[in-house]
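# A look at the structure
Letter by letter, the chains look like this.
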Amino acid sequence: MREALLALRGRGLVVTRRGRNGGSFVAAHADPLTFAREAVRRTSRLALRDLGAHYAAITGACVRLAARRADPSETQRVRRRMEHIEELDAEAQRRLLDDVQIEIVALSQSARLTREQMKLQAELSPFLRLVAHETENLRRQGAHLAAVIDAVEAADPDAAGARTELMVAETIDALIRIQATG
């Protein structure tokens, strides 16, 4: 929790007050999309590609491992979470996709990799939200995750990894396009 609060404070999304009526509160000016746009503008192209490479390496390894270790009943539970995604608003869809990504990684049965994925997801999530702001991109991300679930269920580590790498590459390319348009 401490790390999460530090990250949110660093993004200007949460303010912390000390004292009797203290605590952590959502900042009045908090706008995750504005934060993400500014962060993309401040981040070099090289750093965005590096973040994508790191995310693809960890997530790809996790989904490959999940394809080797997961039981089909476990993947079916994850798939059921995606069944009603179209009924949700865009923000709820984005949160669900983040959750599903973590759940797929958890199927790797590696606590260390899952913790690393959670850290990466927290770092990349604002950027994913920015890319998913467009309805078509949100649908594409959902389709990618559905294909990863299919591959994990089919015990096909190569397909799971390849689809994850494609999803990450598309996301990084979209961020670079956003960066270029300013």
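So, here is what we can say about the structure in this document. (Residues numbered from 1 in each chain as written. Predicted model: local features only at pLDDT ≥ 70, side-chain atom pairs only at ≥ 80, totals over all residues. Heavy atoms only, no water.)

This next bit is on the overall build of the protein. Within the protein, the secondary structure is distributed over 8 helices and 2 strands. Secondary structure elements in the protein, listed N-terminal to C-terminal, are α-β-β-α-α-α-α-α-α-α. A globule of 182 residues ought to have a C-alpha radius of gyration of about 16 Å, and the protein, at 17 Å, matches this closely. With the C-alpha coordinates aligned to their principal axes, the bounding extent of the protein is approximately 50 × 40 × 35 Å. Buried positions account for 41% of the 182 residues belonging to the protein. The protein carries 28 positive and 25 negative side-chain charges, and their two centres are separated by 8 Å. (Helix = DSSP H or I, 4+ residues; strand = E, 2+ residues; numbered from the N terminus. Rg over C-alpha atoms; globule rule 2.2 N^0.38 Å. Buried < 20%, exposed > 50% of the residue type's maximum accessible area, 1.4 Å probe, protein only. Lys, Arg positive; Asp, Glu negative; His and termini not counted. Charge placed at Lys NZ, Arg CZ, Asp CG, Glu CD.)

Turning next to the nonpolar core. In globular proteins that are soluble, nonpolar side chains generally tend to be buried together. Core analysis: the largest hydrophobic core is formed by 23 residues, its most contacted members being Val 40, Leu 124, Phe 127, Leu 130 and Leu 175. Elements represented by at least two residues in this core include exactly α2 (32–42), α3 (45–69), α6 (111–131) and α8 (157–181). Excluding residues within four positions of it along the chain, Phe 127 makes contact with Ala 36, Ala 39, Val 40, Leu 51 and Leu 175. (Core = buried A, V, L, I, M, F, W, Y, C linked by side-chain atoms within 4.5 Å. Contact = heavy atoms within 4.5 Å.)

All right, on to the side chain of Thr 164 then. The residue Thr 164 is located in helix α8 in this model. Within polar-contact distance, the side chain of Thr 164 engages the backbone oxygen of Ala 160 at 2.9 Å. Those residues in contact with Thr 164 that sit more than four places away from it in its chain are Thr 59, Gly 60, Val 63 and Val 148. (Polar contact = N/O pair within 3.5 Å; in protein donor to acceptor, adjacent residues only side chain to side chain.)

Let us look at the packing of helix α4 (residues 72–82) against helix α5 (residues 90–106). Two elements in contact, α4 and α5, have axes whose closest approach is 10 Å; the angle formed by their N-to-C orientations is 175°. One finds that α4 runs roughly antiparallel with respect to α5. Along the contact surface, α4 presents Val 78, Arg 81 and Met 82, while α5 presents Leu 96, Leu 97, Asp 99, Val 100, Glu 103 and Ile 104. Among the residues making up the contact of α4 with α5, the classes are represented as 6 nonpolar, no polar and 3 charged. (Axes fitted to C-alpha atoms, helices over the stretch in contact; angles between N-to-C directions. Parallel < 35°, antiparallel > 145°, perpendicular 65-115°, else oblique. Nonpolar A, V, L, I, M, F, W, Y, C, P; charged D, E, K, R; others polar.)

Following the criterion strictly, the structure yields 10 salt bridges and no others. With a closest N to O distance of 3.3 Å, Arg 49 and Asp 173 form a salt bridge. Within this pair, whereas Arg 49 is found in helix α3, its partner Asp 173 is found in helix α8, the two being separated by 124 residues in sequence. Residue Arg 49 is classed as partly exposed on the basis of its relative accessible area, which comes to 42%. Glu 91 is paired through a salt bridge with Arg 129; the nearest N and O atoms lie 2.8 Å apart. Within this pair, whereas Glu 91 is found in helix α5, its partner Arg 129 is found in helix α6, the two being separated by 38 residues in sequence. Among the residues examined, Arg 129 registers a relative accessible area of 17% and is labelled buried. A single network of salt bridges, built from pairs that share partners, joins Arg 79, Asp 150 and Glu 153. (Salt bridge = Lys/Arg side-chain N within 4 Å of Asp/Glu carboxyl O.)

Take unusual backbone geometry next. One can expect most non-glycine residues to show negative phi and most peptide bonds to be in trans. Positive phi, close to 65°, is recorded for Gln 109, a residue that is not glycine. Topologically, Gln 109 is positioned in the loop between α5 and α6. With phi around 55°, Ala 155 is a residue other than glycine that occupies positive phi space.

Viewed as axis vectors pointing N to C, α4 and helix α7 (residues 135–153) meet at an angle of 165°, and their least axial separation amounts to 9 Å. Overall, the two elements α4 and α7 adopt an arrangement that is roughly antiparallel. Here α4 and α7 pass one another in a crossing that is left-handed. Across the interface between the two elements, Pro 72, Thr 75, Gln 76, Val 78, Arg 79 and Met 82 from α4 touch Gly 142, Leu 145, Ala 146, Ile 149, Asp 150, Val 152 and Glu 153 from α7. Looking at the contact of α4 with α7 residue by residue, the class counts come to 7 nonpolar, 3 polar and 3 charged. (Left-handed = near helix turned anticlockwise from the far one by under 90°.)

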